[in-house]
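A closer look at the structure
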Amino acid sequence: MQMTSYFNPGLLISVMIPDSWTASQVSENKFRLFSAPERGLDDFFDEYRVTMSYELVSPPYESEDNWLPDLVSDNNNIMARTYNHYTLISDCFYESDSRPAYRKIYAWTDEHTGLRLFQIQAFIYGGPQSLYMVNGAVVENLKDKYLPILESILASTRIDSQD
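To keep things clear, this report deals only with the structure shown in the data block. Each chain has its residues counted from 1, following the order in which its sequence is written. Reporting of local features is limited, given that this is a predicted model, to residues whose pLDDT is at least 70; pairs of side-chain atoms are given and counted only at 80 or more, and all residues count toward the totals for whole chains, interfaces and linings. Only hydrogens and water are removed before side-chain values are computed, so all heavy atoms of the structure are retained for them.

**Details of the overall build of the protein**
- Helix and strand definitions here come from DSSP, where helices need a minimum of 4 consecutive H or I residues and strands a minimum of 2 consecutive E residues; each element is numbered from the N-terminal end. Scanning the protein from N- to C-terminus turns up two helices and 10 strands.
- Along its sequence from the N terminus, the protein presents helices and strands in the succession β-β-β-β-β-α-β-β-β-β-α-β.
- The size measure is the radius of gyration over C-alpha atoms, and the globule rule it meets is 2.2 Å times the number of residues to the 0.38 power. Radius of gyration (C-alpha) of the protein: 16 Å, near the 15 Å computed for a compact globule of 163 residues.
- When the backbone C-alpha atoms are referred to their principal axes, the protein occupies close to 45 × 40 × 25 Å.
- To sort residues, take the accessible area from a 1.4 Å probe on protein chains only and compare it with the maximum for the residue type: under 20% means buried, over 50% means exposed, and anything in between is partly exposed. Buried positions account for 44% of the 163 residues belonging to the protein.

**What about the nonpolar core?**
- By size, the foremost hydrophobic cluster in this structure holds 39 residues, and its most contacted members are W21, L33, M52, Y54 and I153.
- With six residues, helix 2 (residues 143-155) is the largest single contributor of residues to this core.
- As used in this record, nonpolar core signifies buried Ala, Val, Leu, Ile, Met, Phe, Trp, Tyr and Cys residues forming a set joined through side-chain atoms within 4.5 Å. Membership of the second largest hydrophobic core comes to seven residues, among which are L71, V72, Y102 and F123.

**Thoughts on the pattern of salt bridges**
- What makes a salt bridge here is a side-chain nitrogen of Lys or Arg within 4 Å of a carboxyl oxygen of Asp or Glu, nothing more. A complete count under the given rule lists three salt bridges for this structure.
- Of the charged contacts in the structure, one is a salt bridge between E38 and K145, with a shortest N-O distance of 2.7 Å. Highlighted residues: E38 in the loop between strand 4 (30-34) and strand 5 (51-57) and K145 in helix 2, separated in sequence by 107 residues.
- The exposure class of K145 is partly exposed, given its relative accessible area of 47%.
- The partner of R49 in a salt bridge is E47, and the shortest N-O contact between them spans 3.0 Å.

**A look at unusual backbone geometry**
- Of note in the backbone geometry, L12 takes a positive phi value of approximately 60 degrees without being a glycine.
- As for its placement among the helices and strands, L12 is situated in the loop between strand 1 (3-8) and strand 2 (13-18).
- The phi dihedral of S98 falls on the positive side, at around 65 degrees, and the residue is not glycine.
- On the secondary structure map, S98 appears in the loop between strand 6 (87-96) and strand 7 (99-109).

Structure below.
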């Protein structure tokens, strides 16, 4: 698969994405990546594309201390309580471009469609007052094809200096 570099100047992020993928600026602090359209899900979507988004936000904690573990714990507890048939598949703390980060893969079932969704989520420390949230999603029947691509995109993340 041919990969190409995508750089988002607003978020100061570069990633490697498949040539067939596109990017769209959602807001000043968020962009989304889209796979080529996939077939076979016409009953649920007008056009189905695997997506991955990057968003720069302020962490939900006042302290400038090491807030990442608290964020991870709070987020995981909320998702376990609120997502239908939530299953944590894997998770780990790691470094992304020499920054503290956390990544998890989980699955859940959409209550309206009955579709089982697999998602990758990451939190990357941007600075004392900034956090990059990354979310990628794929339906179950395409997870073997796309989860490795989503993981590859995440692993390729490079962030220019922030604060």
